Amino acid sequence: MRIDIITVLPELLKSPFEASILKRAIEAELVEVHFHNLRDFTTDNYKTIDDYQFGGGAGMVMMVEPIDKCITKLKSERDYDEVIYMTPDGETLNQGIANQLSLKENIIILCGHYKGVDQRVRDHFITREISIGDYVLSGGELGAAVLCDAVIRLIPGVLGNETSALTDSFQDNLLAPPIYTRPRDYKGWQVPEVLFSGNFPEIEKWREEKAYEHTKKRRPDLLNE
Ligand code: ADE
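As a convention, each chain's residues are numbered from 1 in the sequence order in which they are written. Only residues with pLDDT of at least 70 are given local features in this predicted model, and only at 80 or more are side-chain atom pairs given and counted; all residues enter the totals for whole chains, interfaces and linings. Neither water nor hydrogens contribute to the side-chain values; these are computed over all heavy atoms in the structure.

Counting secondary structure elements, the protein contains 8 helices and 9 strands. The globule rule used here is 2.2 Å times the number of residues to the 0.38 power, and the radius of gyration it is set against is calculated over C-alpha atoms. Taken over C-alpha atoms, the radius of gyration comes to 22 Å for the protein, far larger than the 17 Å a tight globule of 225 residues would show. Overall, the C-alpha framework of the protein stretches about 70 × 40 × 35 Å when taken along its three principal axes. We call a residue buried when its accessible area falls under 20% of the maximum for its residue type, exposed when it is over 50%, and partly exposed in between, using a 1.4 Å probe and counting protein chains only. Split into buried and exposed, the 225 residues of the protein put 39% on the buried side. We call two residues in contact whenever any of their non-hydrogen atoms come within 4.5 Å of each other. Residue pairs at least 24 apart in sequence account for 74% of intrachain contacts in the protein once pairs closer than 6 positions are excluded. Accessible surface area values rest on a Shrake-Rupley calculation with a 1.4 Å probe, where residue burial reflects the displayed protein chains alone. Summed over all atoms, the accessible surface of the protein reaches about 13600 Å², with 51% contributed by carbon and sulfur. Comment: elements are numbered from the N terminus, with helices defined as DSSP H or I runs of at least four residues and strands as E runs of at least two.

Next comes the structure, spelled out in C-alpha cells:
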C-alpha cells in the first residue's frame, strides 16, 4: 500500500511514522508513506496557500490551485483508489472504514487547515471525507496520523500475530474483553479462575460474555438489539 499525504505541516506529521508498528511496517515495505508540502506547489514568492473567503466571513480558505497542482501531479504518476480529505464534517472514522481502506493500493490524504479548503477541491478531487470525531482540530494532520495508524496496523503482515487485530475492540461490533498477565495474585487482586482452566472453549465463552457485558454497559449503540 502507498499513502501520499498532502500537508502544510509535514514536520507535525512525521514522528508517528518513526516509531513502533508504523516504523516497522514501513521498514518491512508493507506500506510506503510520502509527505508532500503544499507550499512546494505554489507559484508566488510568499508560497501562499490560503486566501480570504469570497462573500466575507472570518477565517482563511485553502486555495484550489496548489492542491490541484499537487493532486494532478500525483495522479499522473499512478492511479489512486481514494482521495481523502480530513475534515470535522466528514464521516466519522470507525473500524469498518479502517478495514476498507487497509485493502486499497494507493490513497491520497489531504489535510485541511484554517476554515478548510475551497469547495471546488471537494467537488472535483475528493472521493471520501473523514473526521476523527466531533471536535475541531487545528488542522487535519493529527487526524491523518490517527487514520494511518488505524489503517496500517490492519495490513496483513504488519502485526506480528495476525489474530491480534481480529480480537481488537470493534472488529465484531463488540468492545474487547478484559485481559490479564502475571502475577496471578497482586495484592490479593485475583485473575479470574477460568483463565487457568486450560478449557479453551470455556475461556472463549467467558471472553465473549465479558465482551458483550462491557459493550452493553459502555457502548450499547454498537449492539443491534
Ligand atoms: N480537521 C479538523 N478537525 C478534524 C477532525 N475532527 N477530524 C479530521 N480532520 C479534522
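Moving on from the model shown.
Attention shifts here to helix 3 (residues 64–77). Helical geometry: 3.6 residues make up each α-helical turn, so side chains three or four residues apart lie on a common side. One less than the residue count of a helix, multiplied by 1.5 Å, gives the span that helix is expected to have. The end-to-end C-alpha separation of helix 3 is 20 Å, in line with the 20 Å expected for 14 residues at 1.5 Å each. Considered for burial, the residues of helix 3 that qualify are P66, I67, C70, I71 and L74. Buried residues of helix 3, viewed axially, fall in a sector of 120°; they line one side. Buried-residue contacts for helix 3 involve strand 1 (2–7), strand 2 (32–37), strand 4 (60–62), strand 5 (82–92), strand 6 (106–111) and helix 5 (119–124). For this quantity, the arc is that covered by the directions from the helix axis to the C-beta atoms.

Per the UniProt record, "binding site: S-adenosyl-L-methionine" (unreviewed entry) is annotated on G112, I132, G133, D134, Y135, V136 and L137. In this fold, I132 is placed in the loop between strand 7 (128–131) and helix 6 (141–152). Its relative accessible area of 21% is what places I132 among the partly exposed residues. The contact partners of I132, leaving out residues within four places of it in the chain, are M86, L93, L137, G143 and V146. Its location among the elements puts G133 in the loop between strand 7 and helix 6. UniProt positions are given in the numbering used here, feature names are shortened, and annotations may be inferred rather than shown by experiment.

What follows covers the site of the ligand. Contacts to the ligand come from M86, T87, P88, I130, S131, I132, G133, Y135, V136, L137, G139 and G140. Any N or O atom pair separated by 3.5 Å or less is treated as a polar contact, with the protein-specific requirement of one donor-capable and one acceptor-capable atom, and with residues adjacent in sequence counted only for side-chain atom pairs. Y135 is positioned such that a nitrogen or oxygen atom in its backbone is 2.8 Å from a nitrogen atom of the ligand. At a separation of 3.0 Å, a nitrogen atom of the ligand approaches a polar backbone atom of L137. For the ligand, the accessible surface in isolation is 260 Å², of which the surrounding protein chains cover 96%. Going through the elements one at a time, strand 5 and strand 7 are the ones with two or more residues in the shell around the ligand. Counting residues per element, the shell around the ligand draws most heavily on strand 5, which supplies 3 residues. When residues are grouped by polarity, Ala, Val, Leu, Ile, Met, Phe, Trp, Tyr, Cys and Pro land in nonpolar, Asp, Glu, Lys and Arg in charged, and all others, Gly among them, in polar. Residues of the shell around the ligand, tallied by class, amount to 7 nonpolar, 5 polar and no charged. If even one non-hydrogen atom of a residue comes within 4 Å of a molecule or strand, that residue is called near it.

So, on to the domain arrangement of the protein. When its domains are assigned, the protein resolves into domain 1 (2–152) and domain 2 (167–222). Start and end points for every domain follow an automatic or database-based domain assignment. Averaged C-alpha coordinates put domain 1 and domain 2 at centres separated by 37 Å.

Attention now goes to the packing of helix 4 (residues 95–102) against helix 6. Note on geometry: axes are lines fitted to C-alpha atoms, helical ones only across the stretch in contact, with angles between N-to-C directions running from 0 to 180 degrees. For the pair helix 4 and helix 6, interaxial distance at closest approach is 8 Å and the crossing angle is 70°. Taken together, the axes of helix 4 and helix 6 are roughly perpendicular relative to one another. Here helix 4 and helix 6 pass one another in a crossing that is right-handed. Packed against helix 4, whose contacting residues are A98, L101 and S102, the element helix 6 presents L147, A150 and V151 at the interface. Each angle receives one of four descriptions, namely roughly parallel if under 35 degrees, roughly antiparallel if over 145, roughly perpendicular if within 65 to 115, and oblique otherwise. Note on convention: the crossing is left-handed when the near helix lies turned anticlockwise from the far helix by less than a right angle, right-handed when the turn is clockwise.

Within 6.5 Å between ring centres, the rings of Phe, Tyr and Trp (the latter by its six-membered ring) count as paired, and their orientation is classed by plane angle as stacked under 30 degrees, edge-to-face over 60, tilted in between. Under the criterion given, the structure shown has 2 aromatic pairs. Only when the NZ atom of a Lys or the CZ atom of an Arg is both within 6 Å of the ring centre and within 35 degrees of the ring normal do we say a charge sits over the ring. Geometry around F196 places R184 over its ring, the cationic atom sitting 3.5 Å from the centre.

Right, let's get into a nonpolar patch on the surface. On the surface, L12, Y135, L137 and L142 cluster together into a nonpolar patch covering about 360 Å² of accessible area. Within the secondary structure layout, Y135 lies in the loop between strand 7 and helix 6. Its relative accessible area of 42% is what places Y135 among the partly exposed residues. Residues qualify for a patch when their relative accessible area is over 30% and they have no salt bridge, like charges being joined within 9 Å and the nonpolar side chains of Val, Leu, Ile, Met, Phe, Trp and Tyr within 5 Å. The salt bridge criterion pairs a side-chain nitrogen of Lys or Arg with a carboxyl oxygen of Asp or Glu, the two atoms within 4 Å.

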